[in-house]
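Take a look at the letters that make up each chain.
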Amino acid sequence: MKCDKARMLLTGPADAAEVETARKHVAGCDECRRETAQLAADAEFLRRDGKPEVPSYLGTRIMAEIRQRRAQPGPCFGPDRAVARLTALGLVAAGIWLGVALGRGMTGPQQSLPERMAQLGVDLPNGEDK
Amino acid sequence: MVGTLRPDPVAARASDSARDAARSRVYWTVDQSDDRQLAGQAQAGDLAAFDELVRRYHGMIYCYLYRTCRNSADAEEMTQESFVKAWEGLKGFRGAASFKTWLYRIATNLCINRLSRRKPHDPLSEDLPAARRDEPEESFRQRVRSECIGRALAGLPADQRSALVLSIYEELSHEEIAQAMGRSSASVNMLLYRARIAARRSLASDRERGLI
């Protein structure tokens, strides 16, 4: 097993058999032992960083923003917004489909020129109606 | 229904070194089934239920975002945006992951997007910070330590930084980090390993310069 893989396996969740192989590797590799010990010490050092102070007003500010947006007229805001968006999308799609269908209805079915001329009773010059 | 907050027994059993760090922190756990119930009520439009979820988790999300971006104004703004997005997207919460992990995912996406868009930040000063007048030595040391930690984290790509903060400070399991980041557990393992190696280099350089 390579050093990098062994070190990674020992710092995260892994298959028990792989961890055992990694442990054996590290036990016999001075550099890996030093490196894994240093990684653990560094993690401990990072952990000692103080906890950030949470602004006391933040929760109130968040809820005020949500209430304000919810009260605004116009686009629906809240858990139903996704449903509203889908409904709106569906309505737009239905409108486009209806428009296309009506447009086709007005112009009639697609016909070739000779068919259309024959339907209108117009005689075509010789050779053109074949 | 409002859940009860209680000290986390797992934290109380932490190792000696972790216990020292735990003295300055307060651990709380909240019954997750209770969270789901509140989320269900909020999905039905109950703002009071969502208010309770905000009360429970805004501090946790703020700390996570602050540690990731090291800027209080950005952290505040992104915390607010995370909860607004959570409220908007409540219908998408199916309860497969815990509500807490779901919130972390929203915050992580926001944070990584923002950090990726940001111009490469000005590198933090390499100089030893000067002690302020009448500043107690312990306070000065803590400030220097915090700067070194900030520099170690700031040097990481956004995804590695998020993964490391979720692991070290938020104490999420690899599985939870994978859910919060929308990645596989193996990919999170790799991210964390690379983050730790990069942080080690930065801290080693600070050690060589006698900062820590």
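The text that follows walks through the structure, step by step, so that each part is easy to find. For clarity, every value in this text was computed on a predicted model and none was experimentally measured. For every chain, the first residue of the written sequence is number 1, and numbering continues from 1 onward in sequence order. Chain A is the first chain written and ligand 1 is the first ligand written, with later ones labelled in order. Totals for whole chains, interfaces and linings use all residues, but because this is a predicted model, local features are given only for residues with pLDDT of at least 70 and pairs of side-chain atoms are given and counted only at 80 or more. Hydrogen atoms and water are omitted, and side-chain values are computed over all heavy atoms in the structure.

### Notes on the overall build of chain A
Thought 1: Strands are runs of DSSP state E lasting at least 2 residues, helices are runs of H or I lasting at least 4, and numbering of each runs from the N terminus. Looking only at helices and strands, chain A features six helices and zero strands.
Thought 2: Listing the helices and strands of chain A from first to last along the sequence gives α-α-α-α-α-α.
Thought 3: Taking all contacts inside chain A whose residues are at least 6 apart in sequence as the whole, residues at least 24 apart take part in 22%.
Thought 4: For accessible areas, the Shrake-Rupley method is used with a probe of radius 1.4 Å. Any residue's cover is judged against the shown protein chains and nothing else. Accessible surface for chain A amounts to roughly 9,300 Å². Of this, 57% is attributable to carbon and sulfur atoms. Contacts between residues were defined by any pair of non-hydrogen atoms, one from each residue, lying within 4.5 Å.

### Some thoughts on the nonpolar core
Thought 1: Counting residues in each nonpolar core, the largest one holds 60 residues, and the members touching the most others are Phe50, Phe99 and Leu164 of chain B.
Thought 2: When residues of this core are sorted by domain, at least three fall in each of domain 1 (1-51 + 111-125) and domain 2 (54-103) of chain A.
Thought 3: Leave out the neighbours within four places in its chain, and Phe99 of chain B touches Asp35, Ala39, Leu53, Tyr57, Leu90 and Phe93 of chain B.
Thought 4: Definition used in this section: a nonpolar core is a set of buried Ala, Val, Leu, Ile, Met, Phe, Trp, Tyr and Cys residues joined via side-chain atoms within 4.5 Å. Burial status follows relative accessibility: with a 1.4 Å probe on protein chains alone, a residue under 20% of its type maximum counts as buried, one over 50% as exposed, and anything between as partly exposed. Judged by nonpolar contacts, the second largest core, of six residues, contains Ala6, Leu9, Ala22 and Val26 of chain A. An automatic or database domain assignment supplies the residue ranges for each domain.

### Focus: helix H5 (residues 72-88) of chain B
Residues and elements named next belong to chain B.
Thought 1: Compared with an ideal rise of 1.5 Å per residue, which puts 17 residues at 24 Å, H5 spans 24 Å between its outermost C-alpha atoms and is within 8% of the ideal.
Thought 2: Taken as a whole, H5 has its buried residues at Asp74, Ala75, Glu76, Met78, Thr79, Gln80, Ser82, Phe83, Val84, Ala86, Trp87 and Glu88.
Thought 3: For H5, the N-terminal capping position is held by Asn71, with its side-chain oxygen 3.0 Å away from the main-chain nitrogen of Ala73. Here the expected length of a helix is defined as 1.5 Å per residue gap, with one fewer gap than residues. Side-chain atoms alone can form a polar contact between residues adjacent in sequence; in general such a contact is a pair of N or O atoms within 3.5 Å, and within protein one must be able to donate a hydrogen while the other accepts it.

### Remarks on the environment of Arg151 of chain B
Thought 1: Looking at where Arg151 of chain B falls in the secondary structure, it is placed in helix H7 (residues 137-154).
Thought 2: Here the alpha-carbon distance between Arg151 of chain B and Ala178 of chain B, two residues 27 residues apart in the chain, equals 25 Å.

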